[in-house]
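Per-entry structural report
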Amino acid sequence: MKKFGKIMVIVLALATLVGACFAFAACNDNSVKIGAQQGTTGLFYLQGNADMNFSGYSNISAKSYDSIGQAVQDMINGNISYVVGDVEVAKAAAADVGGAHIIDIPLSTEQYAIGVDKAQPELLADINEVLAEMKADGSLAEIIANYDNEDYEPVGVPAGVQDSSKNQLVLATNAEFAPFESKQGELFVGIDIEIAKRIADELGMELVIKDMEFDSVVTSVGKNGIDIALAGLTVTESRKVSVTFSDSYYDGSYQVIIVKDGDTTFDGCTTKEDVENILKSL
Amino acid sequence: MADKWQLFVEQFVTYGGYRTVLDGLYATIIIAVGGLLIGIVIGMLIAMTKVVPKYSAFVKTLSRISDVYVGFFRGTPMVVQLLLVYYVLLPAMGVRIDSAVVVAVIVFGLNSGAYVSEIMRSGINSVDQGQLEAGRALGLSYPTAMLRIVIPQAIKNIIPTLGNEFIVLVKETSVTSFITVVDLTKAFRGIASANYEYIIPYLMLAAFYLVIVIIITILIRFIERRFAKSDRRVASK
């Protein structure tokens, strides 16, 4: 028994030592940390990805967050240096959290489109028709312009209940992505939500909104009755494996960097190359 | 702080966010309670294959199968099991389930069954072997001796651990938003990300879970005391 006690003491001492080493190594991690939302093109951009046609930054460790708001909050708290995100969403998040602003230099060019279930080509054709109509009569531009206006009071859409016996359009989204989709109390608002509502109305279907992790949005399409994904989705090759993309409804999106107010690192930048050179040299 | 509180009240009351929270609360409770009930049934069946003397090949096979089952469900995280069933297994089988809550209840039941089986096995083993032997010596059959003598004492022993499992299940429901369930956590995250204002919603969220768990703890204490009525020992106060 005495021997056993001695062995235990040695094992515990070793474990503490190893633990301390790991903790020390973690504290001494000098690489620059930049945040982005999990599964978004912002994260792909930082890590380097064939879709972004970019090899990423070797000197930067990318941290992923559930929502861009949390990333900005973590930057304000001092845990990461910068955040990368889609321009509209980045602007909204920086303003809402406060104490941060975007460097409005496009790091990429991206188009948003609707991801449609591969097994439903008729639905894809119908959606493209409605989108074409919305572009022609100016209502699409109007919806997007509305969300630029601070006084605009959006009309919320309820989630609805999924029921396969009814003629429903089931939408997968991640409502943590203002101004494209977010919650207003129990209702959903946003550019994507209004587009989806219009499509459902035109097709005579009932809109059902399924709010989930952004990671799950693309994978869920075509499974368990989910028809389309509308979540500020950038058209990428790897997402085309899971869904068919409709025509683009928003092509003004690009990645930008969010910095803390008072951070002057990127002030002299005028082009994408300037920003990337600074990022590489961090 | 005051403006943050105002933002929260606006989302929670004015825009009706409390209704989403109530729905989320309902989902959380349904999943945890449903999961525990299914878990108790499965756990009981598995525990039986474990404690019955292994004379026949049939019992041996059953015991081996339940080993694999327990191994899988204890060896993988709940969220992985949810993702596998919802995004891989169900679509592969061509099954379409409208309500993700149903899927969550089933997965929680299967997962909890693995844990409950071990809880029950240890409960039955905690009853002295002599009790069963005495029953058998008095001429009771094995099932009768088990049901009338061992199991009633075992149940008293496992109530606290079973309560523990229930509390774990309640808290574990926070990962179900991966399969589109709007549970308590997801409901508050919706409110938080409306303004990217996290402090109050997350504090409220923690308070909700805390209150649920405190209520469960009181319930378990109550049940324990009822079971201890005929006992000379006094259950913890």
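Residues numbered from 1 in each chain as written. Chains lettered and ligands numbered in written order. Predicted model: local features only at pLDDT ≥ 70, side-chain atom pairs only at ≥ 80, totals over all residues.

Quick look at the overall build of chain A now. Per the secondary structure count, chain A includes ten helices and 13 strands. With respect to the three principal axes, the spread of C-alpha positions in chain A is 80 × 60 × 35 Å. In chain A, which comprises 282 residues, the share counted as buried stands at 45%. Pairs at least 24 apart in sequence give 74% of the contacts found in chain A among residues at least 6 apart. (Helix = DSSP H or I, 4+ residues; strand = E, 2+ residues; numbered from the N terminus. Buried ≥ 20, exposed ≤ 12 C-beta atoms within 10 Å, placed from the backbone. Contact = placed C-beta atoms within 7 Å.)

Attention shifts here to the interface of chain B and chain A. With 27 residues of chain B at the contact, the number on the chain A side is 28 residues. Mapped onto the side of chain B that touches chain A, the elements with two or more residues apiece are helix H1 (2-14), helix H2 (17-51), helix H4 (78-93) and helix H8 (184-195) of chain B. With six residues, the top contributor of residues to the side of chain B that touches chain A is H8 of chain B.

All names here are of chain A. For Val130, the location among the structural elements is in helix H5 (residues 121-136). For Val130, a count of 19 C-beta atoms within 10 Å translates into the label partly exposed. Residues Val130 and Ala200, 70 residues apart in the sequence, show an inter-C-alpha distance of 9.6 Å. In contact with Val130, other than residues within four places in its own chain, are Arg198, Ile199 and Glu202.

Time to look at the sheet that holds strand E13 (residues 255-260) of chain A. Residue and element names in this part refer to chain A. Ordered in space as E2-E1-E3-E13-E4, the five strands form an open sheet in which the pairing is mixed. The open sheet has two edge strands with one neighbour each: strand E2 (60-65) and strand E4 (100-103). With strand direction ignored, the average angle separating the axes of adjacent strands in the sheet is 30°. Of the pairings in the sheet, the one linking strand E1 (residues 32-37) to E2 comprises six bridges and is parallel in character. Paired with Ile34 across the bridge in E2 is Ala62. (Pairing = 2+ DSSP bridges. Axes fitted to C-alpha atoms, helices over the stretch in contact; angles between N-to-C directions.)

Residues and elements named next belong to chain A. Pairing in this open sheet of five strands is mixed, and the strands run E10-E6-E11-E5-E12 from one edge to the other. Of all the strands in the sheet, just strand E10 (206-211) and strand E12 (244-253) have a single pairing partner and so form its edges. In this structure, strand E5 (residues 110-116) lies alongside E12, joined through five bridges in antiparallel fashion. From the neighbouring strand, Tyr112 faces E12, where its bridge partner is Tyr250. Relative to the sheet, H5 contacts E5 and E12, its axis offset from that of E12 by approximately 30°.

The next thing to look at is helix H3 (residues 68-76) of chain A. Residue and element names in this part refer to chain A. Of all nine residues making up H3, seven are buried, and the element is well covered by its neighbours. Of all the positions in H3, only Ile68, Gly69, Gln70, Ala71, Val72, Gln73 and Met75 are classed as buried. At the exit of H3 stands Gly78, carrying a positive phi of roughly 90°.

This part takes up the packing of H3 of chain A against helix H4 (residues 87-97) of chain A. Residue and element names in this part refer to chain A. Axis separation between H3 and H4 bottoms out at 9 Å; the angle between their running directions is 50°. By the angle between their directions, the pair H3 and H4 is classed as oblique. Crossing hand, H3 versus H4: right-handed. Where H3 approaches H4, its residues Ile68, Gly69, Val72, Gln73 and Ile76 are matched on the opposing element by Val89, Ala90, Ala93, Ala94, Asp96 and Val97. Tallied by class, residues from the contact of H3 with H4 come to eight nonpolar, two polar and one charged. (Parallel < 35°, antiparallel > 145°, perpendicular 65-115°, else oblique. Left-handed = near helix turned anticlockwise from the far one by under 90°. Nonpolar A, V, L, I, M, F, W, Y, C, P; charged D, E, K, R; others polar.)

Residues and elements named next belong to chain A. As assigned here, chain A comprises domain 1 (31-108 + 255-281) and domain 2 (111-253). Taking only C-alpha atoms, the centre of domain 1 and the centre of domain 2 are 26 Å apart. Residue classes in the side of domain 1 that touches domain 2 are distributed as three nonpolar, seven polar and three charged. (Domains from an automatic or database assignment.)

Any region with low pLDDT has predicted coordinates that should not be read closely. Chain-level statistics for chain A give a pLDDT mean of 88 and a share of 98% at 70 or above. Confidence scores differ between elements of chain A, with helix H1 (residues 2-27) of chain A showing the lowest mean pLDDT of 80 and strand E11 (residues 228-229) of chain A the highest of 95. (pLDDT = per-residue confidence, 0-100.)

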